[in-house]
Amino acid sequence: MHATPEPTAVRRVTCIGAGVIGGGWVAHFLARGYQVTAWDPAPDFEPKLRRLVDAAWPALVELGLADGADRANLTIAATLPEAVADAEFVQESAPEDLGLKQDLLARLDAATPPGVVISSSTSGYGMTEMQSGCARPERLVVGHPFNPPYLIPLVEVVGGERTERWAVDWASAFFEVAGKSVITMDREVPGFIANRLQEAIWREALHMVANGEATVEQIDSSITEGPGLRWPLFGPCLTFHLAGGEGGMAHMLDHFGPSLKSPWTRLEAPELTDELRDRMVEGCETASGGRDIAELVADRDRAVIAVLRAVEAVRGAR
């Protein structure tokens, strides 16, 4: 049995697939000081990948490079088995095609040393369906990033029915060491968490455009000039927690709960049961981390001011 390295001890990362997402992963891992091996079946992928890394590098320099970070640490492999031969972690980023993913992950599983965790970038497939052809499915997880992976910190980690818990915990710990902000999901959900939320907004936006209710410009401005400014620090739950004033989420749900049945969106709202209400209230108390409403408001205001100044600086530079 090939030993699984400690997450902090990983030095050699392999990226399978070198498109926008895969190339973004390559740039991220290089910036974090890893030795990165890349492979893609496209015959001309190397120059495109190097252009992507070069384009990302100024932003990575501004964010701050890890010790040893160097674009020269990128190795191009000629074959898939060569790419994973000495890998200590594998990140796959093939196109969203279930059959292709199933076949590729089975090939990766066969070629990658036992004990090495294999992570898949996917926007919606569950690992349960993707790992169906693998002989060692216990070490396969989903590592769902957001584009571009070198800039957006979030990665959602979840296993499949045949994934063992140690692999999920290991992958989450490794991604944190590698500088990502990790959500370790409790169960598989189609589309994961963040995609489902942004998809809800996207579908409602398409409805409004199709019905002549709003223009593309109005829809985008409604987010960038409105709730989007609050979301960098507090997501939708803590934002509505503050909407309840000193009573927090409890008051917000009790006061505005009936409006969930108002025809504001094409999405059907869940029934606001006592259990759901209590989960939301308790969740906000946990997420607040001991801060009262006044402290949360102060934190939010500082963040919104910082975001406004940053956006204004970019617009001014344009």
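Conventions and cut-offs
- Residues numbered from 1 in each chain as written.
- Predicted model: local features only at pLDDT ≥ 70, side-chain atom pairs only at ≥ 80, totals over all residues.
- Heavy atoms only, no water.
- Helix = DSSP H or I, 4+ residues; strand = E, 2+ residues; numbered from the N terminus.
- Rg over C-alpha atoms; globule rule 2.2 N^0.38 Å.
- Contact = heavy atoms within 4.5 Å.
- Areas by Shrake-Rupley, 256 points an atom, 1.4 Å probe, with all protein chains shown as cover.
- Salt bridge = Lys/Arg side-chain N within 4 Å of Asp/Glu carboxyl O.
- Buried < 20%, exposed > 50% of the residue type's maximum accessible area, 1.4 Å probe, protein only.
- Polar contact = N/O pair within 3.5 Å; in protein donor to acceptor, adjacent residues only side chain to side chain.
- Pairing = 2+ DSSP bridges.
- Axes fitted to C-alpha atoms, helices over the stretch in contact; angles between N-to-C directions.
- Right-handed = clockwise from strand over helix to strand, strands pointing away.
- Expected span 1.5 Å × (residues − 1).
- Arc of directions from axis to C-beta.
- Phe/Tyr/Trp six-rings, centres within 6.5 Å; stacked < 30°, edge-to-face > 60°.

Student: Requested: an account of the overall build of the protein chain, with residues and values cited.
Tutor: Assigned secondary structure in the protein chain consists of twelve helices and eight strands. Relative to the 2.2 N^0.38 estimate, which gives 20 Å for 318 residues, the radius of gyration of the protein chain is 22 Å and therefore close to what a compact globule would have. Taken along the three principal axes of its C-alpha coordinates, the protein chain extends 60 × 50 × 45 Å. Within the protein chain, contacts between residues separated by at least 24 positions form 69% of all contacts whose residues are at least 6 apart in sequence. Surface accessibility of the protein chain: about 16900 Å² in total, with carbon and sulfur atoms responsible for 56%.

Student: Would you mind going over the pattern of salt bridges in detail, with residue names and values included?
Tutor: The tally for this structure, following the rule as stated, stands at 21 salt bridges. For lysine 48, the salt bridge goes to aspartate 44, with nearest N and O atoms at 3.5 Å. Residue lysine 48 is classed as partly exposed on the basis of its relative accessible area of 47%. On the basis of relative accessible area, aspartate 44 is assigned to the partly exposed category, the value being 39%. Between lysine 101 and glutamate 92 there is a salt bridge, with the nearest N and O atoms lying 2.7 Å from each other.

Student: Can you tell me about the environment of arginine 162, naming the residues and giving the values?
Tutor: One can find arginine 162 in the loop between strand E7 (154-159) and helix H6 (165-177). With 116 residues separating them in the primary sequence, arginine 162 and glutamate 46 have C-alpha atoms 34 Å apart. Apart from residues no more than four positions distant in its own chain, arginine 162 is found in contact with Gln131, Ser132, Cys134, Pro137 and Glu138. One polar contact links the side chain of arginine 162 to the main-chain carbonyl oxygen of serine 132, over a distance of 3.5 Å.

Student: Tell me what's going on with the sheet that holds strand E6 (residues 140-145), and back it up with residues and numbers.
Tutor: In a beta sheet, neighbouring strands pair by backbone hydrogen bonds and run either parallel or antiparallel. Spatial ordering of the open sheet is given by E3-E2-E1-E4-E5-E6-E7-E8, a layout of eight strands whose pairing is mixed. Each of the sheet's edge strands pairs with one partner strand only, and the pair in question is strand E3 (74-76) and strand E8 (181-184). With strand direction ignored, the average angle separating the axes of adjacent strands in the sheet is 25°. Of the pairings in the sheet, the one linking E7 to E8 comprises four bridges and is parallel in character. Paired with leucine 154 across the strands is serine 181, a residue of E8.

Student: I'd like to hear about the pairing of strand E4 (residues 89-92), residue by residue, with values.
Tutor: Neither face of E4 is open: one carries Phe89 and Gln91, the other Val90 and Glu92, and all of them are buried. Of the strand pairs in this sheet, E4 and strand E5 (residues 118-120) are connected by three bridges, and their pairing is parallel. Across the sheet, glutamate 92 pairs through a bridge with serine 120, a residue of E5. You can see the chain leave E4, run along helix H4 (residues 98-111) and come back into E5, and the turn it takes is right-handed.

Student: How would you sum up H4? Please name residues and give values.
Tutor: End to end, H4 covers 20 Å across 14 residues, agreeing with the expected 20 Å (1.5 Å per residue, within 8%). Residues Lys101, Leu104, Leu105, Leu108 and Asp109 constitute the buried set of H4. For H4, the angular spread of buried residues about the axis comes to 140°, placing them on one side. Packed against the buried residues of H4 are strand E1 (12-16), helix H3 (80-84), E4, E5, helix H5 (127-130) and E6.

Student: With reference to specific residues and values, describe the side chain of threonine 14.
Tutor: Tracing the backbone shows threonine 14 in strand E1. Judged by its relative accessible area of 1%, threonine 14 falls in the buried class. Among the polar contacts made by the side chain of threonine 14, one reaches the main-chain carbonyl oxygen of alanine 83 at a distance of 2.7 Å. When neighbours within four sequence positions are excluded, threonine 14 is seen to be in contact with Thr37, Ala83, Val84, Ala87, Phe89, Val90 and Gln91.

Student: Hey, could you go over the packing of aromatic side chains for me, with residue numbers and the actual values?
Tutor: Where two aromatic rings form a pair, the distance of their centres and the angle of their planes describe that pair. Under the defined criterion, the tally for this structure stands at eleven aromatic pairs. On the numbers, 4.5 Å between centres and 40° between planes, the contact of phenylalanine 89 with phenylalanine 174 is tilted. One end of the pair, phenylalanine 89, is in strand E4; the other, phenylalanine 174, is in helix H6, and 85 residues separate them in sequence. Phenylalanine 174 sits in the buried class, given a relative accessible area of 0%. The rings of Trp25, Phe29, Tyr34, Phe89, Trp170, Phe174 and Phe175 are connected pair by pair, giving a single aromatic cluster.

Student: Provide a residue-level description of the environment of serine 119, including the pertinent values.
Tutor: Positionally, serine 119 belongs in strand E5. Assessed through its relative accessible area of 0%, serine 119 is described here as buried. With 26 residues separating them in the primary sequence, serine 119 and serine 93 have C-alpha atoms 8.8 Å apart. Dropping the residues within four chain positions of it, serine 119 is found in contact with Phe89, Val90, Gln91, Glu92, Val141, Val142, Gly143 and Phe175. Looking at serine 119, its side chain comes within polar contact range of the side chain of glutamine 91, at 3.0 Å.

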